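# Summary of the model geometry
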Amino acid sequence: MTSDAIEAFELRRRFGDFWAVRNATFTVKRGSVAVLAGPNGAGKTTTVRMLTTVLRPSKGSARVVGFDVVKEYLEVRRRIAYMPQDYATVGDITPYEFITYSLMMRGVGYFTASREAKKWLDLLGLRQVA
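Residues numbered from 1 in each chain as written. Predicted model: local features only at pLDDT ≥ 70, side-chain atom pairs only at ≥ 80, totals over all residues. Heavy atoms only, no water.

## Regarding helix α4 (residues 110-123)
Quick reminder of the rule: The way it works is that DSSP assigns letters per residue, a run of H or I at least four long becomes a helix, a run of E at least two long becomes a strand, and they are numbered from the N terminus. Helix span is expected to be 1.5 Å times the residue number reduced by one. Working definition: with a 1.4 Å probe on protein chains only, accessible area under 20% of the residue-type maximum means buried, over 50% means exposed, and in between means partly exposed. Relevant arc is that of directions from the helix axis to the C-beta atoms, nothing else. Note on definitions: a residue-residue contact is assigned when non-hydrogen atoms from the two residues lie within 4.5 Å.
The end-to-end C-alpha distance of α4, which contains 14 residues, comes to 20 Å, matching closely the 20 Å that a straight helix rising 1.5 Å per residue would cover. Taken together, the buried positions of α4 are Ala-113, Ser-114, Ala-117 and Leu-121. Each buried residue of α4 lies within a common arc of 100 degrees when the element is viewed along its axis, so the set occupies one face. In α4, the exposed residues that point more than 90 degrees away from the buried face are Phe-111, Arg-115 and Leu-123. Buried positions along α4 lie against α3 (95-105). Positive backbone phi, approximately 70 degrees, marks Gly-125, located one or two places after α4.

If you want it as structure tokens, here you go:
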């Protein structure tokens, strides 16, 4: 298995005649922190959406934790969490309820989602109400 958490090679995304991302090529090593910085409209959000399998790249390729974001998108989704900045919850729910709901929306059964939510909240020291 590769030591890279993210590998992008000439990653591109086009919307009509406009190229939002052009030839993004970079790697992020496992265990490191990466930052995408740039002005509004630079393609940061589009790049993240391609890496998280929300958008399909128009050209190029990317791997996240060793899996191709197009051919193995389900494997990528099983291994990452993506929380867009404009994501909002409905009502006043607990972290446990939020994570369980989010996992179920991704196709995970209730009992598995509940167990995973408790496991991760315990690991992070965040579970108060389950």
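From this point, the narrative continues.
## A word on the layout of surface pockets
Definition in use: Every definition here rests on a 1 Å grid over the protein atoms only: cavities are sets of points where a 1.4 Å probe fits but cannot get out, pockets are open sets enclosed by protein on both sides within 12 Å along at least five of seven lines, and lining residues have some atom within 4 Å of a point. Grid points are joined across faces, edges and corners, and a volume is the space filled by probe spheres set on the points. Polar here means any residue other than Ala, Val, Leu, Ile, Met, Phe, Trp, Tyr, Cys and Pro, which are nonpolar, and Asp, Glu, Lys and Arg, which are charged; Gly is therefore polar.
In this structure, the largest pocket spans a volume of roughly 1000 Å³. If you trace the largest pocket, you find 27 residues lining it, with Ile-80, Ala-81, Ser-102, Leu-103 and Arg-106 closest to the centre. For the lining of the largest pocket, the secondary structure elements donating two or more residues are α2 (73-79), α3 and α4. Taken as a whole, the second largest pocket encloses approximately 360 Å³ of empty space. Elements supplying a minimum of two residues to the lining of the second largest pocket: β1 (4-15), β2 (18-29) and α1 (44-51). A per-class count over the lining of the second largest pocket returns 13 nonpolar, one polar and no charged.

## Description of the pairing of strand β3 (residues 59-64)
Within a regular strand, side chains alternate between the sheet's two faces. For clarity, the threshold we go by: Criterion used throughout: strands pair if DSSP finds at least two bridges between them.
Where β1 lies against β3, five bridges are found, and the strand directions are antiparallel. The partner of Ile-6 across the bridge, within β3, is Val-64. Taking the residues between adjacent antiparallel strands as the criterion, β3 and strand β4 (residues 67-68) are bridged by two residues, where Val-65 takes a positive phi near 45 degrees.

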